[in-house]
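So the chains spell out like this:
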Number of protein chains: 2
Amino acid sequence: MDTEKTTPKRRRGRPPKDKKDYNETREALIRAGLESLTEKGFVSSSIDDVLKKEKIPKGSYYHYFASKEEFGKELVDRYIDYFANMLKKHLDDSSLPPLERLESFVNTAASGVKRHNFKRGCLIGNLGQEMSSIPESFRVRLQKGFELWQSLVAGCLEEARREGMICADADCTKLAEIFWTGWEGAVMRTKVDQSEAPLFDYFHFFTRCISNK
Amino acid sequence: MDTEKTTPKRRRGRPPKDKKDYNETREALIRAGLESLTEKGFVSSSIDDVLKKEKIPKGSYYHYFASKEEFGKELVDRYIDYFANMLKKHLDDSSLPPLERLESFVNTAASGVKRHNFKRGCLIGNLGQEMSSIPESFRVRLQKGFELWQSLVAGCLEEARREGMICADADCTKLAEIFWTGWEGAVMRTKVDQSEAPLFDYFHFFTRCISNK
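Throughout what follows, the structure given in this document is the object of discussion. (Residues numbered from 1 in each chain as written. Chains lettered and ligands numbered in written order. Predicted model: local features only at pLDDT ≥ 70, side-chain atom pairs only at ≥ 80, totals over all residues. Heavy atoms only, no water.)

In terms of regular secondary structure, chain A is built from 8 helices and 0 strands. When the elements of chain A are put in sequence order from the N terminus, they spell out α-α-α-α-α-α-α-α. Its C-alpha atoms give chain A principal-axis dimensions of about 65 × 35 × 30 Å. Counting only residues that meet the buried cut, chain A has 55% of its 213 residues in that class. Taking the intrachain contacts of chain A between residues at least 6 apart in sequence as the baseline, contacts between residues at least 24 apart amount to 74%. About 9,600 Å² of surface is accessible on chain A, with carbon and sulfur atoms providing 48% of the total. (Helix = DSSP H or I, 4+ residues; strand = E, 2+ residues; numbered from the N terminus. Buried < 20%, exposed > 50% of the residue type's maximum accessible area, 1.4 Å probe, protein only. Contact = heavy atoms within 4.5 Å. Areas by Shrake-Rupley, 256 points an atom, 1.4 Å probe, with all protein chains shown as cover.)

Okay, structure coming up:
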């Protein structure tokens, strides 16, 4: 999306046939956009490539999104929600002790990066790294995303604390923040090392550190 | 540097007047390139902007570097060395206990990100995040950089271990790797939070975890 303007344009191209068509096409664009942003970040992602992938005429794009910036913002929001749901699925699984639920999330994330040949990272981490090159309007969104994911992990750690698996005086909110800080570094490192090992290494270090010995 | 080709071009433009001129101009381009890559990463950096900043005619560029890729590789190597020297300066300071030397590096790094208004990150972390969009040839270089920096931190942790400040059975090589993994996440997070706090939070968590209690 490097060459496109981020300001809204007048709608041109063939309009979508009906509401169902419109929604389906819009969702297809979002799916393709999410793939691109998790792999390449915002600057390197190309709207042309996204449209090509979905076989959507170039001129039709502005029927769906006012600008690259607006498209990007919606992708950020969607990703934050999608990821929060995935996290909840693991962290709410009361059949496992709290720290094993977190481990179950780590295993799923590690399978994901491996399945995508260590090319895809965290959309929020990618855009955070690009903060100097992307619109400032993304910053608060990225922050809110981290806060949401952190609150979910903090809840899980809090349960572990109540069950005596981590220190009674642990600040679970702060620990969850540190978990995400390091986790994002580990996700970046999977791309450089072409291996999921940094995720497991970081997770084991983190849990060993917080566990009641 | 998003629109430039990465393949070598025939040298054009005005050639440099003499050897001294040549070296000075080349160094000025490297300095400007380093600034750009630590702020924007590889894809968003523009060779045109670098040349403009140094008031160097556009056509002269290929007298100094064969391509954007070659320029980028030299910048990576320079940054790795520059950063290793900065690290050594702190970690070799035997007037301080080993973990305080690491803290001294953290303080310097935190001052740096603050001075640059939380716009600049780690050049290696930026390019690591961009791995899907930059030439594969960078990957081994980034890895070697991490390995060098990790070996310096491992040496410092080894001293701390010998002095009984961290557990006797600690694997300092692995701990140094984990330190860098999390550190890169913390550097990215300074951009999102516009604060140096993630660096201190991560460092304090890391040292509290490894310290002999």
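Picking up where we left off.
For the rest of this paragraph, the subject is the interface of chain B and chain A. By a frequent convention, interface size equals the accessible area lost on bringing the separate parts together. With 41 residues of chain B in contact, the opposing surface of chain A contributes 41 residues. For the pairing of chain B and chain A, the buried interface totals around 3,700 Å² over both sides, and the portion due to carbon and sulfur atoms is 59%. On the surface where chain B and chain A come into contact, there are 2 salt bridges. Between B:Lys174 and A:Asp201 there is a salt bridge, with its nearest N and O atoms 2.8 Å apart. (Buried area = accessible area lost by both parts, 1.4 Å probe. Salt bridge = Lys/Arg side-chain N within 4 Å of Asp/Glu carboxyl O.)

We now examine helix α1 (residues 19-40) of chain B. Residues and elements named next belong to chain B. Between its first and last C-alpha, α1 extends 31 Å over 22 residues, near the 32 Å set by a 1.5 Å rise per residue. Turning to α1, its buried residues number three or more, namely Thr-25, Arg-26, Ala-28, Leu-29, Ile-30, Ala-32, Gly-33, Ser-36, Leu-37 and Thr-38. At its buried positions, α1 is contacted by α2 (47-53), α3 (68-91) and α5 (123-129). (Expected span 1.5 Å × (residues − 1).)

What follows concerns the packing of helix α4 (residues 98-115) of chain B against helix α7 (residues 172-193) of chain B. Two quantities define a packed helix pair, namely the angle between the axes and the distance from one axis to the other. Residue and element names in this part refer to chain B. Between α4 and α7, the least distance of the axes is 11 Å, while the angle of their chain directions is 25 degrees. Relative to α7, α4 is oriented roughly parallel. In the packing of α4 onto α7, the handedness of the crossing is right-handed. Between α4 and α7, the contacting residues are Leu-102, Phe-105, Val-106, Ala-109 and Val-113 on the first element and Phe-179, Trp-180, Trp-183 and Thr-190 on the second. Residue classes in the contact of α4 with α7 are distributed as 8 nonpolar, 1 polar and no charged. (Axes fitted to C-alpha atoms, helices over the stretch in contact; angles between N-to-C directions. Parallel < 35°, antiparallel > 145°, perpendicular 65-115°, else oblique. Left-handed = near helix turned anticlockwise from the far one by under 90°. Nonpolar A, V, L, I, M, F, W, Y, C, P; charged D, E, K, R; others polar.)

With a phi angle near 50 degrees, A:Asn117 is a residue other than glycine that sits in the positive phi range. Along the chain, A:Asn117 turns up in the loop between α4 (98-115) and α5 (123-129).

All right, on to the relation of the copies chain B and chain A then. Taken together, a rotation about one axis and a shift along it account for how the two chain copies relate. For these two chains of identical sequence, chain B goes onto chain A by a turn of 180 degrees and a shift of 0.0 Å along the axis, with RMSD 0.0 Å. Taken together, these values place the two copies in the relation of a two-fold axis. When the interface residues of chain B are mapped onto chain A, 100% of them again lie at the interface, so the same face is used by both copies. (Least-squares fit on C-alpha atoms with pLDDT ≥ 70 in both.)

As a further point, take the environment of A:Leu34. All names here are of chain A. Among the secondary structure elements, Leu-34 is positioned in helix α1 (residues 19-40). On a C-alpha basis, the gap between Leu-34 and Pro-97 in space is 32 Å, while along the polypeptide they are 63 residues apart. Not counting residues within four places of it along the chain, the set of residues in contact with Leu-34 comprises Leu-75, Arg-78, Tyr-79 and Leu-123.

Next up on the list: the pattern of salt bridges. Side chains that differ in sign of charge can pair as their charged atoms come close. All names here are of chain A. For the coordinates displayed, the defined rule picks out 34 salt bridges over all chains. The residue Asp-193 makes a salt bridge to Arg-189 at a minimum N-O spacing of 3.3 Å. Highlighted residues: Asp-193 and Arg-189, both in helix α7 (residues 172-193), separated by 4 residues, approximately one helical turn. According to the relative accessible area criterion, Asp-193 is buried, its value standing at 19%.

Moving on, we come to the environment of B:Leu123. Take B:Leu123: it is sitting in helix α5. Not counting residues up to four positions away in its chain, the partners in contact with B:Leu123 are B:Leu34, B:Leu37, B:Thr38, B:Leu75, B:Val76 and B:Tyr79.

On to the side chain of A:Thr207. Residue and element names in this part refer to chain A. Structurally, Thr-207 is set in helix α8 (residues 197-210). For Thr-207, a relative accessible area of 10% translates into the label buried. In this structure the side chain of Thr-207 is engaged in a polar contact, spanning 2.9 Å, whose partner is the backbone oxygen of Phe-203. (Polar contact = N/O pair within 3.5 Å; in protein donor to acceptor, adjacent residues only side chain to side chain.)

Our focus in this paragraph is the environment of A:Thr173. All names here are of chain A. Secondary-structure assignment places Thr-173 in helix α7. Note on Thr-173: relative accessible area 57%, which makes it exposed. Taking the C-alpha atoms as reference points, Thr-173 and Ala-154, 19 residues apart in sequence, are found 5.1 Å from one another.

Closest axis-to-axis distance for the α8(A)/α7(B) pair is 10 Å, and the angle between their directions is 100 degrees. Classified by the angle their axes make, α8(A) and α7(B) are roughly perpendicular. Together, A:Asp201, A:Tyr202 and A:Phe205 of α8(A) and B:Lys174, B:Leu175, B:Glu177 and B:Ile178 of α7(B) make up the contact between the two elements.

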